[in-house]
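Observations on chain architecture
Now for the letters of each chain:
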Amino acid sequence: MIMNYLRTCLYEPKVRNINVDDNELLNIHASILSEKTLLRSAFETFYLDMATLCDQFITSPGLEVELGTGAGFFKKIRPALITSDVRRGPGIDMELDAQAMNLNSSSVRCVYAINVFHHLPDPEKFFDELYRVLKPGGGCILVEPHGGFASALLHRHLHKNERYDLNTSSWQTSEIAGPLSGANQALAEIIFRRDLAVFKKKYNGKLNIVHRDYELNALRYFFSGGLNFRQLAPSFMENPMKKIEKISKRYARHWSLHQIIIIQKQK
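Given the structure is predicted, the values throughout are model-derived calculations rather than measurements.

**Concerning the overall build of the protein chain**
When its secondary structure is counted, the protein chain shows 11 helices and seven strands. Over its C-alpha trace the protein chain gives a radius of gyration of 18 Å, about what one expects of a compact globule, namely 18 Å for 267 residues. Residues counted as buried form 51% of the 267 residues belonging to the protein chain. For the protein chain, long-range pairs separated by at least 24 residues make up 72% of all intrachain contacts whose partners lie at least 6 apart in sequence. Here the protein chain has roughly 12600 Å² of accessible surface; of this, 54% comes from carbon and sulfur atoms. In the protein chain, 34 side chains carry a positive charge and 28 a negative one; their mean positions are 5 Å apart.

**Here we look at unusual backbone geometry**
Of note, the phi angle at Ser106 is positive, near 55 degrees, even though the residue is not glycine. By relative accessible area, which is 35% here, Ser106 ends up partly exposed. Despite not being glycine, Asn115 shows a phi value in the positive range, around 50 degrees. With a relative accessible area of 19%, Asn115 lands in the buried category.

**A short note on the pattern of salt bridges**
Evaluation of the coordinates by the stated rule reveals 16 salt bridges. A salt bridge links Lys36 to Glu12; the shortest N-O distance between them is 4.0 Å. Remark: Glu12 occurs in the loop between helix 1 (2-10) and helix 2 (24-35) and Lys36 occurs in the loop between helix 2 and helix 3 (37-57); sequence separation between them is 24 residues. Glu12 carries the same exposure label as Lys36, and that label is buried. Put simply, Arg78 and Glu64 hold a salt bridge, and the shortest N to O gap is 2.9 Å. One end of the pair, Arg78, is in the loop between helix 4 (74-77) and strand 2 (82-85); the other, Glu64, is in strand 1 (residues 63-67), and 14 residues separate them in sequence. Connected via shared salt-bridge partners are Asp55, Glu64, Arg78 and Arg109.

Cut-off values and rules
Residues numbered from 1 in each chain as written. Predicted model: local features only at pLDDT ≥ 70, side-chain atom pairs only at ≥ 80, totals over all residues. Heavy atoms only, no water. Helix = DSSP H or I, 4+ residues; strand = E, 2+ residues; numbered from the N terminus. Rg over C-alpha atoms; globule rule 2.2 N^0.38 Å. Buried < 20%, exposed > 50% of the residue type's maximum accessible area, 1.4 Å probe, protein only. Contact = heavy atoms within 4.5 Å. Areas by Shrake-Rupley, 256 points an atom, 1.4 Å probe, with all protein chains shown as cover. Lys, Arg positive; Asp, Glu negative; His and termini not counted. Charge placed at Lys NZ, Arg CZ, Asp CG, Glu CD. Salt bridge = Lys/Arg side-chain N within 4 Å of Asp/Glu carboxyl O.

Encoded structure:
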């Protein structure tokens, strides 16, 4: 009851009465992202980290594709990027289903996705598609909710249209009813930590997890309110928050809200 009241009070007015699966939400999110300095800064960290890691780990040439672009602006940082989403919208180059990608086999250097993986009903279909479309040595860089104390607490109580359940036995999520509803935000923790041995056994010789780390933008992300909640701190706090995030890096496993994972196709 209290959480529902707080959630309602903190909702960004622009999204309060919009269904999360409504296409109208793309334009509203784009407007919110353009207005919120802290949120744009947090997303810039996602984008710069993904771009840096791609160039560090992936040497093969090929296409670079972002899944679930939504209202994002990664293409401004990575101009050759092909943006995509399951629905059409401004700034989206193509409509693409992550579980059945309309891409040629062995054509992709890197697949990027921020908070997309946990919205997939059947991640095994996604892994099969990754193996098909990636060039040998190509990779997929995922940004997903982290399973640390702060992240699990926040994601467990924040969204009414998603849940955070580490105890589900299946990788599949039958409750997913649309692009943004019904997801289990703990999916990356389940597959890449709890069931890591199972993942390695299933995809041995095909896909390897070659890097996993914590994103250092949690203060900016949280106090920005994200795309759906009111901003809780003034924009001039951006640089002080960056400094605090940087000096607190050694404890990031406790306070970081997101993790970054690289899955690489074996050569």
